[in-house]
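Each chain is listed here by its residues.
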2 protein chains.
Amino acid sequence: MTYTYEYPHPAVTTDIVIFTILDNALKVLLVKRGGEPFKGQWALPGGFLRMDESIDACARRELREETGVRDVYLEQLYTFGDVGRDPRERVLSVAYYALISSTEQKLQAGDDAAEADWYDVETLPNLAFDHADILAAAKDRLAAKMAYSTVGLQLMPDEFTLSSLMRVYELAGGKILDKRNFRKWILGLGLLEETGKKWSEGPHRPAMLYRVRDKSRVDIIR
Amino acid sequence: MTYTYEYPHPAVTTDIVIFTILDNALKVLLVKRGGEPFKGQWALPGGFLRMDESIDACARRELREETGVRDVYLEQLYTFGDVGRDPRERVLSVAYYALISSTEQKLQAGDDAAEADWYDVETLPNLAFDHADILAAAKDRLAAKMAYSTVGLQLMPDEFTLSSLMRVYELAGGKILDKRNFRKWILGLGLLEETGKKWSEGPHRPAMLYRVRDKSRVDIIR
DNA sequence: TCAAAAGTGTTCTCTTTACACCCATGC
DNA sequence: GCATGGGTGTAAAGAGAACACTTTTGA
């Protein structure tokens with residue numbers, strides 16, 4: 001079956017930059033392309049927009065297909081549409097980024113994806129299409145947004161220590177923070193509560209575990 | 001001539017929210033639709049993406065066709081793509097917003113546009129499609145961005161008084177500012193220089209005219 | 001001389017930054 | 001008992017907010 005229009009139409013995909021924290025590093029999910037073009041190269045997960053779904057729904061579906069997660073933070077980033085960005089035909093990509101906590105990853109291999117893996121944002125392989133540009137834009141947006149909102153909390157698992165949260169902020173912002181100032185600030189926001197449990201993982205004092213009071217909220221705080 | 005694809009493709013337009021300051025108010029350019037759908041209703045200027053131009057180039061072309069201006073501040077805002085937003089077929093709109101100074105307006109009537117006019121953002125008519133949503137998003141973005149960057153200067157003519165600049169900030173932010181604090185802040189940024197000329201327009205002391213040192217720059221300042 | 005907008009400094013408050021030592025634990 | 005990360009308070013500096021009067025002009 002074919003589809004015919006009076007004027008030329010571009011194809012439209014959504015591509016998603018899925019961030020998580022793993023092994024003390026900020027990581028993104030990449031998939032190895034199974035078909036041409038860029039066969040065998042790493043790329044962002046994504047796929048073509050269906051005519052009966054909104055763009056948001058498309059991104060959410062792709063995210064679910066790649067990682068199995070739903071109900072996570074997902075935000076439209078930017079639309080990329082330079083003329084030569086796909087060698088096959090004119091393709092626009094509406095890019096999104098998602099933040100998922102390290103406990104939610106399941107990595108069920110998608111249909112098109114021969115392989116999927118988490119990559120440290122600092123040491124990325126060569127990426128297909130203009131996906132390096134998309135990823136750079138996503139990193140910038142994440143860093144900017146973490147500085148004035150509570151999105152950062154979306155990267156955390158259900159229970160976490162303040163040190164691990166601080167490491168997330170340091171990774172995203174690219175600079176180290178003062179422990180006392182960070183704790184004063186984050187606790188002063190009143191968004192966290194103690195679980196009462198403690199976390200031991202080495203020859204040192206165990207850390208208090210905290211949780212986010214209302215994880216569905218992302219507030220502007222500055 | 002027709003265009004045929006193996007999978008269905010959406011149509012893609014750019015729509016532009018063109019802001020300016022006129023009569024002491026923040027205004028947007030609206031055009032009256034000459035054809036169906038929404039014939040006779042006001043809408044944002046915009047048009048279909050050509051296959052040989054980038055999305056940015058399309059927005060810039062539409063802006064030029066509607067207003068005659070070029071080399072103005074233009075930024076991608078968001079991509080709107082709900083399923084029913086255009087009754088004809090599936091249409092995505094990559095929305096942009098532009099800031100032009102009140103001296104640059106020429107308003108040459110476009111091809112499709114029977115009529116074009118500036119509307120105060122506070123008193124808008126009913127708009128075609130989901131253009132009210134687009135406009136609301138543009139207002140929010142402009143207000144947010146003016147609070148942490150120097151985009152506001154893009155709305156000014158070549159020479160302007162500090163009072164008129166302050167009025168722009170008050171209009172965008174929706175609250176009145178303190179004259180002394182505003183002057184201290186804006187002059188402290190070092191982005192403005194005195195022209196040496198003065199502007200008289202009533203029975204009161206004339207105001208110093210300033211200009212922007214480097215209008216092509218838009219800096220993050222907070 | 002009056003009305004109207006231009007122009008000008010200081011004080012207070014709050015936010016942000018800088019900074020060093022004891023605590024609890026595993027080995 | 002020692003190495004390791006967890007946990008805590010205070011002072012200084014800087015940024016933002018509050019606030020009132022004099023100046024210059026046209027009518």
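K.L.:
Hey, could you run me through the relation of the copies chain B and chain A in this one?
P.N.:
Both copies of the chain are related through a single rotation about an axis accompanied by a shift along the same axis. When chain B is brought onto chain A, the operation consists of a screw motion whose angular component is 179 degrees and whose axial shift is 0.0 Å, with 0.1 Å RMSD remaining. Taken together, the rotation and translation relating the two chain copies correspond to the operation of a two-fold axis. Nearest to the rotation axis, the C-alpha of T4 of chain B is located 2.1 Å from it, this being the minimum over chain B. Of the residues that chain B buries at the interface, 100% are likewise interface residues in chain A, meaning the two copies contact each other through the same surface.

K.L.:
Can you help me understand the pattern of salt bridges in this one?
P.N.:
Two side chains carrying opposite charge are able to pair once their charged atoms lie near each other. Counted according to the given criterion, the structure contains 24 salt bridges over all chains. Salt-bridge contacts for D86 of chain A lead to R88 of chain A; the nearest nitrogen and oxygen are separated by 2.7 Å. Notably, a salt bridge pairs E193 of chain B with R211 of chain B, separated by 3.0 Å at the nearest N-O pair. Of this pair, E193 of chain B sits in strand β10 (residues 192-199) while R211 of chain B is found in strand β11 (residues 207-212), placing the two residues 18 residues apart along the sequence. When salt bridges that share partners are traced, they join E53, R61, E62 and E65 of chain A into one network.

K.L.:
Whenever I open this one, the protein's contact with DNA strand C confuses me. Can you help?
P.N.:
In the vicinity of DNA strand C there are 21 residues, among which S163, K179, R180, R183 and M208 of chain B approach most closely. For DNA strand C, the fraction of atoms within 4 Å of the protein that belong to sugar or phosphate moieties is 43%. At 2.6 Å from a phosphate oxygen of DNA strand C is found a side-chain nitrogen or oxygen belonging to S163 of chain B. Contacts to DNA strand C include K184 of chain B, whose side-chain N or O atom sits 3.1 Å from a base oxygen. Broken down by secondary-structure element, the contributors of at least two residues to the surface near DNA strand C are α4 (179-188) of chain A together with α4 (179-188) and β11 of chain B.

Conventions used here
Residues numbered from 1 in each chain as written. Chains lettered and ligands numbered in written order. Predicted model: local features only at pLDDT ≥ 70, side-chain atom pairs only at ≥ 80, totals over all residues. Heavy atoms only, no water. Least-squares fit on C-alpha atoms with pLDDT ≥ 70 in both. Contact = heavy atoms within 4.5 Å. Salt bridge = Lys/Arg side-chain N within 4 Å of Asp/Glu carboxyl O. Helix = DSSP H or I, 4+ residues; strand = E, 2+ residues; numbered from the N terminus. Near = heavy atom within 4 Å. Polar contact = N/O pair within 3.5 Å; in protein donor to acceptor, adjacent residues only side chain to side chain.

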